[in-house]
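# Examining the three-dimensional arrangement
Chain by chain, the residues:
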Amino acid sequence: MKRFIDLFAGIGGFRIGFERNGYKCVFTSEKNKYCQDVYEANFGEIPFGDITQINPKDIPDFEVLLGGFPCQPFSISGKKQGFKDTRGTLFFDVCRIIEEKRPKVVVLENVKHLIHHDKKRTLKTILSSLEDLGYNVSQKVLNAKDFGLPQNRERIFIIGCKKSYFDFKKLENIDTPKLKEYLDLNGKFEYLDKSEYTLIESPRKQPTGLIFVGYRNKNTWKTGVRPNTEHLSRVHRQPNRIYSVEGVHPTLPSQETSGRFFIYLPEEDKVRKLTLDECYRIMGFPDTFKRHERTGERYKQIGNSVAISVIEAIAKQIIKQGLLDEEPQTEIAGNLQALFYN
């Protein structure tokens, strides 16, 4: 069986990626009312609300637990008590469900910063908690641009398996496309006047695939700054940056609810705003996906979501690596844990 539950489900990015690989969703939890509305519109189900109110015994049986859980400070983090260290956090509720239902595979996702959160104690507590619950745990930061999407979006994935370790090295990477391949050809585009931005001389493609070509002319601060950064806000710099469509797009953040993402089109020598359709597309969502009626919520929800192609690759490998099979594998050595932690 390939059944899964979708915790902290958002608008269903995890679900789309797993359903495309033949898995069946049997339970969903999402507290945000706006996300619940979008989830119902697309999947015909209203997610259960507050995860702290879930009785694990009421959840149907399943093989895979999915969750993009919030990162919170742990009450006694760092005392190496594993599961006990998570009390007072939402991750504790994930552990409650795992302890009761004992799924074969647990897939968790979070921002890259989780690695360093609380002086690295948070990640250590999460890993030890899953180990205490009987799982072989591996983790790795994955980037959407390595899985066929034109976005430099890094997220940490933590995968615990009853049978063996998930081998991240077997994930099938896809060549990074250029942003221009994902753009609308026609539409009511919001162009900037040339007086509203400044292009820099000799832009270079960064190792991330980004090509920073200029900035919007926002005179927010001028003293003690590096060249070409005079117009970037101290608090939230990215909305004032302009990137070429010959490279990839920077991470879509959840905080940018007005969608101030501007791109440079060399063939037209123009700068325009990235459309909402394009934002959803570079996250891997289909054009038919139904969105919230409020523009601000749309930007927030897509910024909080997961890159679907990354999820698809993980879902596929769980099957290929036999992690849902009944018979234990013996060919993977015990020292793989240390290997995959690097």
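So, a few notes on the structure that sits alongside this text. (Residues numbered from 1 in each chain as written. Predicted model: local features only at pLDDT ≥ 70, side-chain atom pairs only at ≥ 80, totals over all residues. Heavy atoms only, no water.)

Applying the stated criterion to the full structure yields 22 salt bridges. Glu45 is paired through a salt bridge with Arg15; the nearest N and O atoms lie 3.1 Å apart. Of this pair, Glu45 sits in the loop between helix H2 (33-43) and strand S3 (64-67) while Arg15 sits in helix H1 (residues 13-19), and the two are 30 residues apart along the sequence. Note on Glu45: relative accessible area 31%, which makes it partly exposed. The salt bridge involving Glu154 is made with Lys112; its shortest N-O contact spans 3.0 Å. With Glu154 in strand S7 (residues 154-161) and Lys112 in the loop between strand S4 (105-111) and helix H4 (121-132), the pair connects residues that are 42 residues apart, well separated along the chain. Judged by relative accessible area, Lys112 falls into the partly exposed class, the value being 36%. Residues joined by salt bridges that share partners form a network here, namely Arg15, Glu19 and Glu45. (Salt bridge = Lys/Arg side-chain N within 4 Å of Asp/Glu carboxyl O. Helix = DSSP H or I, 4+ residues; strand = E, 2+ residues; numbered from the N terminus. Buried < 20%, exposed > 50% of the residue type's maximum accessible area, 1.4 Å probe, protein only.)

The interhelical angle for the contact between helix H3 (residues 90-101) and H4, taken along N-to-C directions, is 15°, at an axis separation of 11 Å. Comparing the axis directions of H3 and H4 gives the class roughly parallel. Handedness of the crossing formed by H3 with H4: right-handed. Contact residues: Phe91, Cys95 and Ile98 in H3; Ile126, Ser129 and Leu130 in H4. (Axes fitted to C-alpha atoms, helices over the stretch in contact; angles between N-to-C directions. Parallel < 35°, antiparallel > 145°, perpendicular 65-115°, else oblique. Left-handed = near helix turned anticlockwise from the far one by under 90°. Contact = heavy atoms within 4.5 Å.)

Considering all chains together, one arrives at 12 aromatic pairs under this definition. A ring pair is formed by Phe4 and Phe18, whose centres lie 5.7 Å apart and whose planes are at 45°; its orientation type is tilted. Here Phe18 lies in helix H1 and Phe4 lies in strand S1 (residues 3-7), a separation of 14 residues in the sequence. Note on accessibility: Phe4 and Phe18 belong to one class, buried. Taken together, the ring pairs in this structure connect Phe4, Phe18 and Tyr23 into an aromatic cluster. The ring of Phe212 carries Arg241 above its face, with NZ or CZ at 4.6 Å from the centroid. (Phe/Tyr/Trp six-rings, centres within 6.5 Å; stacked < 30°, edge-to-face > 60°. Lys NZ or Arg CZ within 6 Å of the ring centre and 35° of its normal.)

As a further point, take unusual backbone geometry. The phi dihedral of Arg102 is positive, around 50°, even though this residue is not glycine. Counting through the fold element by element, Arg102 comes out in the loop between H3 and S4. Judged by relative accessible area, Arg102 falls into the partly exposed class, the value being 39%. Even without glycine at this site, Ser202 takes up a positive phi of about 50°. Structurally, Ser202 is set in the loop between strand S8 (197-199) and strand S9 (212-216). The exposed category is assigned to Ser202, whose relative accessible area is 64%.

Before going further, it helps to spend a moment on the sheet that holds strand S5 (residues 136-143). A sheet is described by the order of its strands in space; here six strands give the open sequence S2-S1-S3-S4-S7-S5, paired in mixed fashion. Of all strands in the sheet, those with a lone pairing partner are strand S2 (24-29) and S5, marking the two edges. The mean angle between the axes of side-by-side strands here comes to 20°, regardless of whether they run parallel or antiparallel. Both S4 and S7 contribute to a ladder of seven bridges, which runs antiparallel. Within S7, the residue paired with Val106 across the bridge is Gly160. (Pairing = 2+ DSSP bridges.)

By themselves these figures say nothing about function.
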